[in-house]
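Structure at a glance
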Amino acid sequence: MSSMWQPVDEIARDVNSGKLSAVTLVNKALTRIEESKKYNAIITLTADRARERAETIDTKIQSGQSAGRLAGVPFIAKDNFLVFGSETTAASNILKGFTAPYQSTVINMLEAEGAICVAKANLDAFGHGGSTENSDFGPTLNPHDTNKVPGGSSGGSAAAVVLDMVPFALGTDTGGSSRQPASFSGCVGYKPTYGLMSRSGIIAMASSTDTVGVLAHSVSDVAYVTDCMSGKDSLDSTTIDRDPQGYIIDKPLSSLKGKKIGVIKEYMSDGVDSAVKASIQQAIDALEAQGADIETISIPSLSLALAVYYVLVPAEISSNLSRYDGQRFGYSDSAAKDLEDSYTHARSKGFGKEAKRRIMIGTHVLSSGYYDAYYKKAQLVRTKIIKEVDRAFQSVDFLVGPTAPTTAFNIGQNIHDPIQMYLSDLMTVGASLTGIPAIVIPVHKVNGMPVGLQIMAPQNADRALFEVAQVAQKEINT
Ligand code: GLN
């Protein structure tokens, strides 16, 4: 996709050499944000801090020092990342007015390389949703058609990239929240192997599948940013070692010869819009033309992944949201009679409908009478899915399929029908439950709306995933 921004490594090179100034780049991003206000992709600006950081970087470079591998590169973070001094709401009323007292590890890592956060992006409150309509700040509009949703929950981050506000944006991905908006809005969206990037300082949704997400114009930019913010963190015990080779694509593959790619049969079923399927098939043909060995592969238990996800994830959500009690963070009702009254008021007024729905489901499936029937059974099926996906990777190197069954739907179309909304996660939750990396790249549009091809790899094969996705992005027409 074309962008007014250069690749991130080139921006940093030009800033470090003094050819570009960080202040100019930050102002360019802020202007673009201002021009694109009607899309409602942004919740808050971090303009003052961004300008200060940019001035410091420019001064450093003028004095002959280098400012890092992302020197002066502006970016936007989803509003569930804690960024020093910024109001961090996760798009929920219950956190309005909450100022981040510390900063997430990945933001620290990006800043250490000279990147500059200019704004916080809109999302479905707490990451619950697939359209950004569950935001207490109003929905974000799709950059290609303002009657349609941009996807979610990282809809603001995806729209920010597509509207060219910044070269890259951070999202999160618990069940598809960076991939599905990339597909709906038309950019690259990536979820790493579970544990590759620290979640310290990111507002938790469901701890066993939460990951950071990266959204950008190109696979190589996503890989470069990943290289700057992955690896072990003592503040998040689930983190794993990074690939010793790193993630930067230094020698792009010249073809896909010898790569075995499995098309997931269950993801090309009747439930997928036929035009979307045709676009995906066209992309798969392009991979074959590049020398890849394509075969169809059946992973039967993947058809249960959505049901498993919507038992396990609400269970974890109900536990993670219990900390919002009106006593320590954000919204609190000062007129409350006593402590219990205070809890009740803060939670009933602060949480939106979807958070309440998930707390109800989550506490129900964890309750002593239903734990065996729902939570435990879902865990058993999750293990079965992991085994079947492992087995698939014994015969192929990568798995591919659509990202979502349709293109972006209309604003308001699914908001009163949670099941219909959840169905747009059908093809993304599998990678989340199994902890494998997955990336989405834009392919041929359908009626002017973007479609994304999803490519998945075994755990820790993120580097190989980038290499293949880069060839795919180069060869597939959008
Ligand atoms: N749409 C999915 C859900 O609502 C995924 C959300 C996410 O990845 N944060 O749970």
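Below: a short report on this structure. (Residues numbered from 1 in each chain as written. Predicted model: local features only at pLDDT ≥ 70, side-chain atom pairs only at ≥ 80, totals over all residues. Heavy atoms only, no water.)

Side note on the nonpolar core
Soluble globular proteins tend to pack their nonpolar side chains together in the buried interior. Stated precisely, the cut-off is as follows: Residues belong to a common nonpolar core when they are buried Ala, Val, Leu, Ile, Met, Phe, Trp, Tyr or Cys residues joined through side-chain atoms within 4.5 Å. Under the scheme applied here, a residue whose accessible area is under 20% of the maximum for its type counts as buried, over 50% as exposed, and between as partly exposed, the area being computed with a 1.4 Å probe on protein chains only. Under the scheme used here, helices are H or I runs from DSSP no shorter than 4 residues and strands are E runs no shorter than 2 residues, and both carry numbers assigned from the N terminus.
Ranked by internal contacts, the top residues of the largest apolar core, which has 156 residues, are Ile76, Leu110, Val118, Phe126, Leu170, Ile439 and Leu453. If you tally residues by element for this core, the top one is helix H9 (residues 305-320), at 10 residues.

Section: the pairing of strand S10 (residues 438-446)
Rules: One requirement defines pairing of two strands: DSSP has to find at least two bridges between them.
Most of S10 is tucked away: seven of the nine residues are buried. Note: S10 against strand S11 (residues 449-456), seven bridges, orientation antiparallel. When the bridges of S11 are listed, valine 446 appears paired with methionine 449.

Here we look at helix H15 (residues 462-475)
Given 3.6 residues to a turn, an α-helix orients residues that are three or four positions apart in the same direction. The condition is simple: Expected span of a helix: the number of residues minus one, times 1.5 Å. By definition in these notes, contact holds between two residues if any of their heavy atoms fall within 4.5 Å.
With 14 residues, H15 extends 20 Å from end C-alpha to end C-alpha; this agrees with the ideal 20 Å at 1.5 Å per step. Within the span of H15, buried status applies to Asp462, Arg463, Leu465, Phe466, Glu467, Val468, Ala469, Gln470, Val471, Ala472 and Gln473. Close packing links the buried residues of H15 with strand S5 (188-191), helix H7 (219-228), helix H8 (274-289), strand S9 (398-402), S10 and S11.

Re the layout of surface pockets
The condition is simple: Both site types are read off a 1 Å grid over the protein atoms alone. A 1.4 Å probe that fits but cannot get out defines a cavity, while an open set with protein on both sides within 12 Å along at least five of seven lines defines a pocket; lining residues have an atom within 4 Å of a point. Grid points are joined across faces, edges and corners, and a volume is the space filled by probe spheres set on the points. Gly is placed with the polar residues, together with every amino acid not listed as nonpolar (Ala, Val, Leu, Ile, Met, Phe, Trp, Tyr, Cys and Pro) or charged (Asp, Glu, Lys and Arg).
Roughly 420 Å³ of internal volume is contained in the largest pocket. Lining the largest pocket are 24 residues, with Arg199, Ile202, Ile203, Ala204 and Arg323 sitting closest to its centre. Across the lining of the largest pocket, the residue classes break down as 12 nonpolar, eight polar and four charged. A volume near 300 Å³ is recorded for the second largest pocket.

A look at the sheet that holds S11
Note on sheets: strands pair through backbone hydrogen bonds, and any given pair is parallel or antiparallel. Selection rule: Helix axes use the C-alpha atoms of the stretch in contact, all axes being lines fitted to C-alpha atoms, and the angles between their N-to-C directions lie in the range 0 to 180 degrees.
The strand order across the open sheet built from 11 strands is S1-S3-S2-S4-S6-S5-S10-S11-S9-S7-S8, with neighbouring strands paired in mixed fashion. The two strands at the open ends of the sheet, each matched to only one other strand, are strand S1 (42-45) and strand S8 (293-297). With strand direction ignored, the average angle separating the axes of adjacent strands in the sheet is 30 degrees. Sheet topology places strand S7 (residues 260-264) next to S9; three bridges connect them, and they run parallel. Of the residues in S9, the one forming a bridge with valine 263 is valine 400. Sheet strands touched by helix H3 (residues 47-62): S1 and strand S3 (116-121). Its angle to S3, the strand with the most contacts, is close to 165 degrees. In this fold H7 packs onto strand S4 (168-173), S5, strand S6 (211-216) and S10, with an angle of close to 140 degrees to the strand it touches most, S6.

Section: the side chain of serine 218
Put simply, the rule reads: Contacts described as polar in this section are N or O atom pairs within 3.5 Å, which, within protein, must combine one atom able to donate a hydrogen with one able to accept it, while residues neighboring in sequence count only if both atoms come from side chains.
Its location among the elements puts serine 218 in the loop between S6 and H7. For serine 218, the side chain forms a polar contact with the side chain of serine 220, separated by 3.4 Å. In terms of polar contacts, serine 218 uses its side chain to reach the backbone amide nitrogen of aspartate 221, at 3.1 Å.

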